[in-house]
Amino acid sequence: MNTPTIAIVGAGLGGLALARVLHVNGVDSVVYEREPSRDARGQGGMLDIHSGQRALREAGLIDAFFAIARGEGQDMRLLQPDGTLLLQEDTPDDAPLARPEVDRADLRDLLLDSLPEGTVRWGHAFTSAEGGRVRFADGGSAPYDLLVGADGARSRVRPLVTDVRPRHIGQNVVEIGIPDIDATHPDLAAMVGRGTYWVLGDGISLGAQRNGDGRVRIGISFYRTGEDWFATSGIPFDDPPAARARLIELLPGWDPRVTALVAACDDAIVPRSISTLPVGLTWPSRPDVTLLGDAAHLMPPVGEGANMALLDGAALGRALAAHPDDVPTAVAEYEREMFERSSAAARMSTDLQEMLMAPDAAQRMLAFFQPG
Ligand SMILES: Cc1cc2nc3c(=O)[nH]c(=O)nc-3n(C[C@H](O)[C@H](O)[C@H](O)COP(=O)(O)OP(=O)(O)OC[C@H]3O[C@@H](n4cnc5c(N)ncnc54)[C@H](O)[C@@H]3O)c2cc1C
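Residues numbered from 1 in each chain as written. Predicted model: local features only at pLDDT ≥ 70, side-chain atom pairs only at ≥ 80, totals over all residues. Heavy atoms only, no water.

## Here's the deal with helix α1 (residues 13-24)
Alright, step 1. In this model α1 runs 16 Å from its N-terminal to its C-terminal C-alpha over 12 residues, within 8% of the 16 Å that 1.5 Å per residue would give.
Alright, step 2. The element α1 is largely enclosed, with a buried count of 10 among its 12 residues.
Alright, step 3. Restricting attention to buried positions, one finds in α1 the residues Leu13, Gly14, Gly15, Leu16, Ala17, Leu18, Ala19, Arg20, Val21 and Leu22.
Alright, step 4. Just downstream of α1, Gly26 is the residue with a positive phi angle, here 75°. (Helix = DSSP H or I, 4+ residues; strand = E, 2+ residues; numbered from the N terminus. Expected span 1.5 Å × (residues − 1). Buried < 20%, exposed > 50% of the residue type's maximum accessible area, 1.4 Å probe, protein only.)

## So, the pattern of salt bridges
Alright, step 1. Scanning the model with the defined rule gives 18 salt bridges in all.
Alright, step 2. Notably, a salt bridge pairs Arg217 with Glu175, separated by 3.3 Å at the nearest N-O pair. Of the two residues, Arg217 sits in strand β15 (residues 216-223) while Glu175 sits in strand β12 (residues 167-178), which places them 42 residues apart along the sequence.
Alright, step 3. Arg341 is the salt-bridge partner of Asp312, the closest N and O atoms lying 2.9 Å from each other. Of the two residues, Asp312 sits in helix α11 (residues 305-322) while Arg341 sits in helix α12 (residues 327-357), which places them 29 residues apart along the sequence. Grouping residues by exposure puts Asp312 and Arg341 together as buried.
Alright, step 4. Residues joined by salt bridges that share partners form a network here, namely Arg38, Asp109 and Asp113. (Salt bridge = Lys/Arg side-chain N within 4 Å of Asp/Glu carboxyl O.)

## Observations concerning the UniProt feature "binding site: FAD" (unreviewed entry) in the protein
Alright, step 1. Per the UniProt annotation, the sites labelled "binding site: FAD" (unreviewed entry) are Asp48, Arg104 and Asp294.
Alright, step 2. You can see Asp48 is positioned in strand β3 (residues 46-48).
Alright, step 3. Looking at Asp48, the relative accessible area reads 19%, which means it is buried.
Alright, step 4. In this view, Asp48 contacts Arg99, Pro100, Glu101, Gly303 and Asn307; residues no more than four positions away in its chain are not counted.
Alright, step 5. Within the structure, the side chain of Asp48 is placed 3.0 Å from the side chain of Arg99, a separation counted as a polar contact.
Alright, step 6. Note on placement: Arg104 falls in helix α4 (residues 104-113).
Alright, step 7. The class of Arg104 is partly exposed, set by a relative accessible area of 30%. (UniProt positions renumbered as here; feature names shortened; annotations may be inferred. Contact = heavy atoms within 4.5 Å. Polar contact = N/O pair within 3.5 Å; in protein donor to acceptor, adjacent residues only side chain to side chain.)

## Points about the packing of α1 against α11
Alright, step 1. As a packed pair, α1 and α11 sit with axes 7 Å apart at the nearest point and diverge in direction by 30°. Classified by the angle between their axes, α1 and α11 sit roughly parallel to one another. Both α1 and α11 take part in a crossing whose hand is right-handed. Facing α1, whose interface residues are Leu13, Gly14, Ala17, Leu18, Val21 and Leu22, α11 presents Ala306, Ala309, Leu310, Gly313, Ala314, Leu316, Gly317, Arg318 and Leu320. (Axes fitted to C-alpha atoms, helices over the stretch in contact; angles between N-to-C directions. Parallel < 35°, antiparallel > 145°, perpendicular 65-115°, else oblique. Left-handed = near helix turned anticlockwise from the far one by under 90°.)

## Describing unusual backbone geometry
Alright, step 1. The backbone phi angle of Asp180 is positive, close to 45°, even though this residue is not glycine.
Alright, step 2. Along the chain, Asp180 turns up in the loop between β12 and α5 (181-184).
Alright, step 3. Owing to a relative accessible area of 44%, Asp180 belongs among the partly exposed residues under this scheme.
Alright, step 4. Positive phi outside glycine occurs at Arg224, with the angle close to 50°.

## Digging into the site of the ligand
Alright, step 1. The environment of the ligand is formed by 31 residues, the closest being Glu33, Arg104, Phe126, Asp294 and Ala306.
Alright, step 2. The separation between a nitrogen atom of the ligand and a polar main-chain atom of Arg34 is 3.2 Å.
Alright, step 3. Within the backbone of Phe126, an N or O atom sits 2.9 Å from a nitrogen atom of the ligand.
Alright, step 4. The protein chains hide 83% of the 1,000 Å² of surface that the ligand would expose on its own.
Alright, step 5. Going through the elements one at a time, α1, β3 and α11 are the ones with two or more residues in the shell around the ligand.
Alright, step 6. Among the residues making up the shell around the ligand, the classes are represented as 11 nonpolar, nine polar and 11 charged. (Near = heavy atom within 4 Å. Areas by Shrake-Rupley, 256 points an atom, 1.4 Å probe, with all protein chains shown as cover. Nonpolar A, V, L, I, M, F, W, Y, C, P; charged D, E, K, R; others polar.)

Below you can see the structure in the form of structure tokens.
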């Protein structure tokens, strides 16, 4: 039996889950990552992991995952901009870990540490593929029988299977944060609580979330805004005090206790423009190239993407382990399941995104969380 040479581009959650599931099934792979080392870039932020737990179980990592997951991160507070509290959900200590929050860096470390030494080749930025070889920015190359694009939202592998590109969805996010909130702003720490604090207004939302390291990360989303909105928003990103003042100006009539979160943030103020791929995107199966995760199905950021990336990695690993000498069959089997599962998740995410963009977003979300 010939063992295929499997080249995975991208050491994100999806690429690493694939390498791990292949490894537990006795199949080797190599992950090429453009970052120079595992600590080169802050992974930042919490992830809500629910359906993705199936993939971690298949990867033999579910107990280790529960050890790093934060059940209390499931707490939620939902408010209107005038400060009215619409919903407060506190997670009991003995609640099942159905949707715990986990630090993205901890989850990535868990996957990285579960792979044999040398599986991930750092500092390998994929540029192209031809003649059964992948090429890297430093001029190097490596062979493959199967090339897997697990290289995220701006995938360089994607053009090998489809001409479709992500499109802006009228959402621009400013990311800010308050370091060590318990020590620096205990009043705001108590207001935000242990999980997610959400303020939904007409066309603007603010989501604050406590991270494992005591930092509260805050995303302020401006909906129905164009791709060039940051250029016209009047937010001076190179002048943090003025940027904080401008952000507060962009929240007219909001409760001063909420805008106090903006006033308390540090100087890391980051713009993020949101794009997605079309719901239900597919491509004609190729025997030697496929995609997974955001590269395959970039969707609105409402808590499905990382779960789908993990599930994709496990599904492709399972299919390759079942057909080690027939890669085209494995790829076709994986893509059939992935297209169906991820398009259902993308549809659900798009519906949720429309709710968030609606003028009565807070009421709609309340009805969503408390149906009937
Ligand atoms: C603020 C925010 C919050 C989120 N919260 C959640 C959540 O709570 N739950 C959830 O399910 N999802 C969430 N998501 C979505 C989730 O983060 C993504 O869907 C998920 O990380 C996708 O995983 P991936 O492995 O496909 O890609 P990524 O995690 O983006 O990994 C891609 C990897 O490929 C590497 N790479 C890129 N280009 C190249 C190249 N040319 N050569 C080599 N390597 C390359 C990158 O450096 C990176 O390491 C959130 C997203 C954001 C932005």
